[in-house]
Amino acid sequence: MHIEEHQDVINACRFCFMCRHLDPVGNVTFREADTPRGRALVIDSIRMNPECLKNADFIDALYRSALSAANRYHCVSHYDETGLVLAARQDVVQAGLAPENVKTLAHALEDVAFTVKGKGDVLYYGENPKLYPGCKTISGKDPGKALEVLGFVSESRKVFAKFKKAVAESKCKTLVVAEPSAYDFLKGKLSGVKVVHCTEYLLPPKAKAGRTRKACYLESDFLKNYDGNMAAPRELLKSYGYALEPFGTNGEESYSVGEGAVVYDELNPALCQKLCSRVYGLAGDAKGALFITASRYVRDTLKKYNAKIEVLSVEDAIARRNA
Amino acid sequence: MITPKNYLYEMVRSELTWVVGDDYVQTNDADKLGHSIDYYWVPECWHDRGEKPTPPDFVVHPANAKEVSEILKIANTHNIPVIPWGGGSGSQGGALPIYGGIVLDMKRMNKVLNIDPVSMTVTAEVGINAQHLEWAVEKAGFSTMHFPASIACATLGGFIAHRGTGVLSTKYGKIEDMIMSLEVVTPTGEIINTLPVPRHASGPSLTELFLGSEGTLGVVTKATMKIHPIPEARKFHAFLFKTMHDAMVAGSKIMTSRLHPCAIRLYDETETAKLVKRVLGIDRQGAYLVFGFDGPEKIVDLQLEEACAICRKGEHEDLGTEAGQNWWDNRYKFFYPPYMFHMPQAFGTLDTVATFSNIENVYWAMKKAVNENFPQATFIGHFSHWYDWGCMLYARFIIDNPPQDANEAVALYNRIWDMAIRAAIKEGGVINEHHGVGLKLGRMMRELYGPAFKVLESVKKTLDPNNIMNPGKMGFQGKGV
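In this text the structure is predicted, and so the values were computed from the model without any measurement.

Some points on the overall build of chain A
When helices and strands are counted, chain A shows 17 helices and 9 strands. Against the 2.2 N^0.38 benchmark of 20 Å for 323 residues, chain A shows a C-alpha radius of gyration of 20 Å, consistent with a compact globule. Across its three principal directions, the C-alpha atoms of chain A cover 60 × 50 × 35 Å. Of all 323 residues assigned to chain A, the portion counted as buried reaches 54%. For chain A, contacts bridging at least 24 residues in sequence account for 70% of all contacts bridging at least 6.

Right, here's the structure in full:
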């Protein structure tokens, strides 16, 4: 089983409580099974008795994780509990035990095609091509990350192969990626192609800052917890005149409503709504505030359950300044 | 007994669901597994050896005191055990559902209700995670000054349940010094409030009755506690002494001089050589003493100077402020894997507290009990909470290769506790300072208290006539097996 490759994480996390305060799902369900310790105990039970892999309660716990990686990022020893859960999901899928809703979602994610348009040496993959004049664009759904986090690794590879082929045909040597999950997935995977996040590409700013506007930047699970707390989004927003204010009570929790699990809202809509409600609750004393996120997923999900909240993606925020 | 194969099970589940709603009654295997193991070594050992620790029948998350009251009434009707659960990070087995029953997981009651900047108090529901509480209070410009190693995992209620202590206890006190008043649901379901202030001459302190009662006398649902301004400065200094005794003389002198450090910690020679070296990188022979002061900077500097002068009178190596600050910055690191002891090791924290006159005797008696009777065990210790009259000993034993058989391992483990804690009591120690009694030490309560334990038993029987509240803990009667 893939979980056996993570024995050190199982040993470290199964009896450790030190990061439970950072699990976004545990913080809204209050369930022990929704903490890194709870999941590690479940996975350890599976390791000791593979028959437990068939336990529907255990499988449910694995797919409730939001995979924010805040726990890993703030763990003194950075034990990869996120990787452990992904390995367990892979074991579930390979054993043919994926829940029906997960299978349905995975099949939909496999049905994807990628198209390259335009002219230029740089290829842009995102929803705001106007911000990238002179660049080619590649369009299509998720390049394989969502399938990977659901545990469908071989299917993920097939989707990625299609993406890779389209990139190769574009002959571009630089790929600019907007969605943090896709950026996290693609970086280092395309030999001969430099993968950059859109905020890195957009620095330095091409417009004057103008009047300062206060905004709360909701950190991205991927750019912060997975990719070393990338500074470019914050620097870009500041250079465009956004005065960034802290959100919530601390800088450690994830407020990205399931971004780390890529398709969390489709997988667990009721739980996702709870995650959103917690963010709205914390935003209660910031009425009229502007929220900016690097992730289209976070923007759309937060707006979905509360149309009154003003949330922009970083690209939206830059486009607004350029207008 | 209630079991899933018994139709009473569905009856009780229906009643509980009626009170708290579908989302907040869990009976699934993943949650029950999580609630069958806390931070007590014994259930961890059982799990590690492939045994199954006893799970609860139901995990229930109440939203408020009224729901807690309704749940307790249901439990009384059916005579089902109720075990309050905060963060589950207690090390004494106090939150384990040893007879099954209802685990009352309090984490849903997590609201900060009021911050009073005039009186400097915060009122919160007790299921709030201690780190979340601290962050909320800090956002308002204050601090609880309660910084235990378990701050990230334990709840406010958990600290109240077992009289918890934070790193800055020497200045700001234990949780019992921080609490102003409590809201409690009694075992029969009455919602009561203790008096709003802790200092009064209006009869005995009901607040004190529930502090440290570990869920055996009722369910604490709300608490008001003191908060403090963020200090202008907090500074540390560290020394290395040739022997633990020399360091103890210096540390006790700092306290009896009535200086007001926020923290003092003294590691014995073995722990200095093992843990201090591993975590802080200080590779020296001797006993490591660190202390700190906080408050207005001028006062901090003056007190620090006085404390350093006391230390310099003995044979010492001055490690300076940087080594002190390094300890503070890494104070929680000791408790993260891989720095914390872990399976397959057997380990326990034999914490006790005694006066300065007795504390070294307690240390040597415990060390002797462990070393002479259990040559396979290593004994280490540090003194981590200091008061005007004495200090706490955080002694630990570690066995690197305990028996593989779970029962054999637990039997050995219990024997070490029996001998070490009884040795401490004989020298003027008590069975515990801040981890509580729980399941682990309940058997020693009767001999610790002597005839006074009957008073505690009478209180328990009066408040909890059906013995539903956390039975079998703190030395109180169990439910039978």
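Moving on from the coordinates now.
Quick word on the overall build of chain B
Of regular secondary structure, chain B possesses 17 helices and 18 strands. Since a compact globule built from 481 residues should have a radius of gyration of about 23 Å, the 23 Å found for chain B is in line with a globular shape. In terms of overall dimensions, chain B has a C-alpha envelope of 70 × 55 × 40 Å along the principal axes. For chain B, the proportion of its 481 residues judged to be buried stands at 53%. Sequence separation of 24 or more characterises 71% of the internal contacts of chain B that already satisfy a separation of 6 or more.

Examining unusual backbone geometry
Across the junction of Leu203 of chain A and Pro204 of chain A, the peptide omega takes the value -5 degrees, indicating a cis bond. Looking at the element boundaries, Pro204 of chain A is found in the loop between α11 (198-202) and β6 (213-218). The omega angle of the peptide bond from Pro337 of chain B to Pro338 of chain B is 5 degrees, so this bond is cis rather than trans. Among the structural elements, Pro338 of chain B can be located in the loop between α13 (320-329) and β16 (346-355). Within the chain, Met145 of chain B stands out as a residue other than glycine whose phi angle is a positive 60 degrees. Looking at where Met145 of chain B falls in the secondary structure, it is placed in the loop between β7 (142-143) and α6 (156-162). Non-glycine residue Glu214 of chain B carries a positive phi angle of around 55 degrees. Topologically, Glu214 of chain B is positioned in the loop between α9 (206-210) and β10 (219-226).

Remarks on helix α15 (residues 406-426) of chain B
Residue and element names in this part refer to chain B. Taking 1.5 Å as the rise per residue, α15 with 21 residues should run 30 Å; its terminal C-alpha atoms sit 30 Å apart, in good agreement. Every buried residue belonging to α15 is among Ala409, Val410, Tyr413, Ile416, Ala420, Ile421, Ala423 and Ala424, and all of these are buried. The buried residues of α15 occupy an angular sector of 165 degrees when projected down its axis, which confines them to one face. Of the exposed residues in α15, the ones pointing more than 90 degrees away from its buried face are Asn407, Glu408, Ala411, Arg415 and Lys426. On its buried side, α15 packs onto α3 (41-48), β16, α14 (356-373), β17 (377-386) and β18 (390-399). Note on α15: the residue one or two positions beyond its end, Gly428, has a positive phi of about 100 degrees.

Considering the domain arrangement of chain A
Residues and elements named next belong to chain A. Entries for chain A in the domain assignment read domain 1 (2-95), domain 2 (109-202) and domain 3 (213-322). Using only C-alpha atoms to locate each centre, domain 1 and domain 2 end up separated by 29 Å. Counting residues at the interface gives 6 residues for domain 1, matched by 5 residues for domain 2. The residue inventory of the side of domain 1 that touches domain 2, partitioned by class, reads 4 nonpolar, 1 polar and 1 charged.

Examining the domain arrangement of chain B
Residue and element names in this part refer to chain B. With domains assigned, chain B is organised as domain 1 (7-107), domain 2 (109-229), domain 3 (233-335) and domain 4 (346-440). Residue-level contacts link 14 residues of domain 1 with 15 residues of domain 4. Partitioned by chemical class, the residues of the side of domain 1 that touches domain 4 number 7 nonpolar, 5 polar and 2 charged.

With respect to the pairing of β17 of chain B
All names here are of chain B. Most of β17 is tucked away, with 9 of its 10 residues classed as buried. With 2 bridges joining them, strand β13 (residues 263-267) and β17 adopt antiparallel strand pairing. Residue pairing in the sheet places Tyr267 in a bridge with His382 of β17. Looking at chain direction, β17 and β18 are connected through 8 bridges and run antiparallel. Note that in β18 the partner of Phe383 across the bridge is Leu393. Hairpin geometry of β17 and β18 is characterised by an intervening segment of 3 residues between the two adjacent antiparallel strands.

Comments concerning the sheet that holds β17 of chain B
Residues and elements named next belong to chain B. With antiparallel pairing, the 7 strands of this open sheet are ordered in space as β15-β12-β14-β13-β17-β18-β16. If you trace the sheet from one side to the other, it starts and ends with β15 (316-319) and β16, each paired once. Going from strand to strand, the sheet's axes swing by 20 degrees on average, the running direction of each strand aside. As paired elements, β16 and β18 share 10 bridges and run antiparallel to each other.

Looking at the sheet that holds strand β3 (residues 136-139) of chain A
Residues and elements named next belong to chain A. With mixed pairing, 5 strands are arranged side by side in an open sheet as β1-β3-β2-β4-β5. Looking at the sheet topology across the chains shown, the edges are occupied by β1 (115-117) and β5 (194-197). The sheet shows a mean angle of 25 degrees between the axes of neighbouring strands, taken without regard to direction. Two elements, strand β2 (residues 122-125) and strand β4 (residues 174-177), share 4 bridges in a ladder whose sense is parallel. Of the residues in β4, the one forming a bridge with Tyr125 is Val177. Along the sheet, helix α9 (residues 153-170) makes contact with β1, β2, β3 and β4, crossing β3 at roughly 165 degrees.

Remarks on the packing of helix α10 (residues 244-256) of chain B against helix α12 (residues 297-312) of chain B
All names here are of chain B. Between α10 and α12, the least distance of the axes is 9 Å, while the angle of their chain directions is 145 degrees. The way α10 lies across α12 gives a crossing that is right-handed. Listed contacts from α12 to Ala250, Lys253 and Ile254 of α10 are Ala307, Ile310 and Cys311.

Some details on the nonpolar core
By size, the foremost hydrophobic cluster in this structure holds 247 residues, and its most contacted members are Val177 of chain A together with Ile71, Val82, Leu104, Ile160, Leu289 and Met366 of chain B. At 8 residues, the largest contribution of residues to this core is made by α15 of chain B. Once you skip the residues sitting within four places of it in the chain, Leu104 of chain B turns out to touch Val60, Pro62, Val68, Ile71, Val82, Ile83, Pro84, Trp85 and Val219 of chain B.

Here we look at the interface of chain A and chain B
Across the contact, 28 residues belong to chain A and 34 residues belong to chain B. For the side of chain A that touches chain B, the leading source of residues is helix α3 (residues 36-48) of chain A, giving 5 residues. Its residues placed into classes, the side of chain A that touches chain B shows 16 nonpolar, 8 polar and 4 charged.

Describing the confidence of the model for chain B
If pLDDT is low for a region, its predicted coordinates should not be looked at in detail. The predicted model of chain B has a mean per-residue pLDDT of 96, with 99% of residues at 70 or higher. Note on the complex model: pTM 0.96, ipTM 0.95.

As for α9 of chain A
Residues and elements named next belong to chain A. Relative to the 26 Å expected for 18 residues at 1.5 Å per residue, α9 spans 26 Å between its end C-alpha atoms, a close match to the ideal helical length. In the core, the buried residues of α9 are packed alongside α7 (100-110), β1, β2, β3, α8 (145-150) and β4. Note on α9: the residue one or two positions beyond its end, Lys171, has a positive phi of about 65 degrees.

Details of the packing of α14 of chain B against α15 of chain B
Residue and element names in this part refer to chain B. Axis separation between α14 and α15 bottoms out at 8 Å; the angle between their running directions is 155 degrees. In terms of orientation, α14 and α15 fall into the roughly antiparallel class. Relative to α15, the crossing made by α14 is right-handed. Across from Val362, Ala365, Met366, Ala369, Val370 and Asn373 in α14, the residues of α15 making contact are Ile416, Met419, Ala420, Ala423, Ala424 and Lys426. Grouping the amino acids of the contact of α14 with α15 by side-chain chemistry returns 10 nonpolar, 1 polar and 1 charged.

Thresholds applied
- Residues numbered from 1 in each chain as written.
- Chains lettered and ligands numbered in written order.
- Predicted model: local features only at pLDDT ≥ 70, side-chain atom pairs only at ≥ 80, totals over all residues.
- Helix = DSSP H or I, 4+ residues; strand = E, 2+ residues; numbered from the N terminus.
- Rg over C-alpha atoms; globule rule 2.2 N^0.38 Å.
- Buried ≥ 20, exposed ≤ 12 C-beta atoms within 10 Å, placed from the backbone.
- Contact = placed C-beta atoms within 7 Å.
- Expected span 1.5 Å × (residues − 1).
- Arc of directions from axis to C-beta.
- Domains from an automatic or database assignment.
- Nonpolar A, V, L, I, M, F, W, Y, C, P; charged D, E, K, R; others polar.
- Pairing = 2+ DSSP bridges.
- Axes fitted to C-alpha atoms, helices over the stretch in contact; angles between N-to-C directions.
- Left-handed = near helix turned anticlockwise from the far one by under 90°.
- Core = buried A, V, L, I, M, F, W, Y, C linked by C-beta atoms within 7 Å.
- pLDDT = per-residue confidence, 0-100.
- Parallel < 35°, antiparallel > 145°, perpendicular 65-115°, else oblique.

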